[in-house]
Amino acid sequence: MSPEQPVANAVAVKDGRILSVGNRDEVLFNLDHSPFTPYKVDTTFKDKILIPGIVDAHTHLEIQALIYSGHFVAQIPWPKPEGGYFHVYPKKKDVLERLKELDNELPPEEPLYGVAYDENKAGGFLSIDELDQVSATRPIMVSNLVFHRFWANTALMRQAGVLSGDLPPGVKTGENGKPDGTLIEAKGLMAVVPALPDLVNITEAKIRRILPLFVRGGYTTACDAAVGVFGYKQSLDRFQNLCAADDTHLRIIGLPWAKTGVADAGSIEDFISMVRESAAATKDPFRIGPVKLYTDGSIISRTSPVGWPGYWDGTPEGDMENDPAEIHEWLIRCHVAGLPTVTHANSRPGCQVVLDAIQEAQAVKFRPDMRHRIDHAYNITTAQLMRAKALGVAVQFFTPQIYYYGDSHLEIQGMDRARHITPTGTAKRIGVSWGFHNDPPGTPQLPWVGAWATVHRKTMESETTFGPEHCVPVADALRAMTIEAAYQLHLDSEIGSIEFGKKADFCVLEADPLEIDPMELKDIPVWGTVFSGRPNPAG
């Protein structure tokens, strides 16, 4: 991924960093005339392909640990950490049958937590009545495919104290004015969390269980995009302990979650101070990255506003998850303090909030290399991308949704908006820094499926190509998942390419992604990784 030296066949490593790279004979000659002798020639990877270690710019280790402690009732294949895939339940009736099986299998006192339910593929939302038929006594909660909509039975709602009286935000009601079991976004989830203490008890062991997913994908760096959502200090302690272990072969960048962080700290100023202090106190392989902000909800879950003319299937317009004026203020405060930001924005209104705030922030205090970022950006327009380019704003696209949920986007958004979601081709043409991510629980932690979706933009069921003009070559996808992601995190001087002085982080492949049939990209075999010079087979 280095344009000055795109291909080499030997690399020398010392102290976890790249000492030399190039033609084998040149590298050996270079070492022979250096003070770094004797050395050992290791031919373990003579028949493999090494590319820079994959950088996941937007994932969720803690929330993945949470969902992997539940029971998958998904309509797409989710990978098991130990290899293989969880069973798929195509329709709602299959899911309800599975929940009944689990009710019979679990200890009576244990809550039942189902995960990754896709209301679009399965054929409809779940209801409180349907979950009550599974069990009238055991607390049950099911989270949807992207963790933006949840369903609970009466037993859980009663235990959480949200069946009557003044209902918390995010708890939906039916025509009778009573809760219908639907919980919207984090506000709804937090209404029942007190009744599920074990569920949100994120432990180092739970996170460690999912780490093989990253080695199997070829990742060496990952951003947890919601550090502190369940407590900032607790998250820092977990990640620092995790990364201090010799068998953790992953660099983790924590993005402090502003919403709960500001509430915990008491003010935006105190939150900024807290972030600065923790950033100064952490060091590789766990570091603090940009501050995470959040505008709208989820289009695929129909919780986000989408702007004119609304949802194509007639769903009522969603709401901003957070107050745009508050996000505007917080982004400016972070910018003035020198803290870059990453903001969740799916919709055109959401992207506009971010761009307006960054423009004002630069007017208040000009900082030429902040690399603020918009994440997901489904419906970002050409005009907004041009403005992002002018402001130096990077974009992280959620392209895997095209493959997994593109056919649902056609129904929900209509043809014109759907074909242009995550417009990578336009971003490339304009010259915006762009990348892509899997964002579990939004889609599985499978980077090569994400790369395939970015290259081909084909949907899973109908194989429709969404906007052929936005398809990109494999080389662009590789760049997006390595050096470009590193650039967006201000880490391009350390990782993202195989260059002298950088960390010896490699993704080890069994085939050359530039030589195989591009249609085979999502199934490319991954041997494992090299992290700071240490080989880690996927096993």
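Residues numbered from 1 in each chain as written. Predicted model: local features only at pLDDT ≥ 70, side-chain atom pairs only at ≥ 80, totals over all residues. Heavy atoms only, no water.

(A) Local environment of the side chain of threonine 220. Position of threonine 220 relative to the elements: it lies in strand E11 (residues 219-227). Using a relative accessible area of 1% as the deciding quantity, one classes threonine 220 as buried. When near neighbours in sequence (up to four residues on either side) are disregarded, threonine 220 contacts Gly53, Ile54, Leu250, Arg251, Asp505, Phe506, Thr529, Val530 and Phe531. (Helix = DSSP H or I, 4+ residues; strand = E, 2+ residues; numbered from the N terminus. Buried < 20%, exposed > 50% of the residue type's maximum accessible area, 1.4 Å probe, protein only. Contact = heavy atoms within 4.5 Å.)

(B) The arrangement of helix H13 (residues 324-336) in detail. The first and last C-alpha atoms of H13 sit 18 Å apart over 13 residues, in line with the 18 Å expected at 1.5 Å per residue. All of the buried residues along H13 are Ile327, His328, Trp330, Leu331, Ile332, Cys334 and His335. Where H13 is buried, its residues contact helix H11 (258-265), helix H12 (268-281), strand E14 (291-294), strand E15 (341-345) and helix H14 (348-364). Its side-chain oxygen 3.1 Å from the backbone nitrogen of alanine 325, aspartate 323 forms the N-cap of H13. Where H13 ends, the next residue or the one after it, glycine 338, has phi of about 85°, a positive value. (Expected span 1.5 Å × (residues − 1). Polar contact = N/O pair within 3.5 Å; in protein donor to acceptor, adjacent residues only side chain to side chain.)

(C) Structural view of the pattern of salt bridges. The tally for this structure, following the rule as stated, stands at 30 salt bridges. In this structure, aspartate 369 and arginine 371 form a salt bridge, with 3.0 Å as the shortest nitrogen-oxygen distance. Judged by its relative accessible area of 40%, aspartate 369 falls in the partly exposed class. With a relative accessible area of 13%, arginine 371 lands in the buried category. Linked by salt bridges that have partners in common, Arg251, Asp284, Arg287, Glu494, Lys503 and Asp505 make up one network. (Salt bridge = Lys/Arg side-chain N within 4 Å of Asp/Glu carboxyl O.)

(D) Up close: the pairing of strand E20 (residues 526-531). The element E20 is largely enclosed, with a buried count of six among its six residues. The sheet contact formed by strand E19 (residues 506-509) and E20 spans four bridges and is antiparallel. Along E20, the bridge assignment pairs leucine 509 with valine 526. Sheet topology note: the E20/strand E21 (residues 534-537) ladder contains four bridges and is antiparallel. Its bridge partner being in E21, glycine 528 is matched across the sheet by proline 537. (Pairing = 2+ DSSP bridges.)

(E) The packing of aromatic side chains, seen in detail. Within the structure shown, the criterion is met by 15 aromatic pairs. Here the aromatic rings of tyrosine 68 and phenylalanine 86 are separated by 6.0 Å at their centres, their planes lie at 55°, and the arrangement is tilted. With tyrosine 68 in the loop between helix H2 (61-67) and strand E5 (71-72) and phenylalanine 86 in the loop between E5 and helix H3 (92-105), the pair connects residues that are 18 residues apart, well separated along the chain. A relative accessible area of 4% means that tyrosine 68 is categorised as buried. In this structure an aromatic cluster arises from ring pairing among Tyr68, Phe72, Trp78 and Phe86. The ring centre of phenylalanine 86 lies 5.6 Å from the NZ or CZ of lysine 80, which sits over that ring. (Phe/Tyr/Trp six-rings, centres within 6.5 Å; stacked < 30°, edge-to-face > 60°. Lys NZ or Arg CZ within 6 Å of the ring centre and 35° of its normal.)

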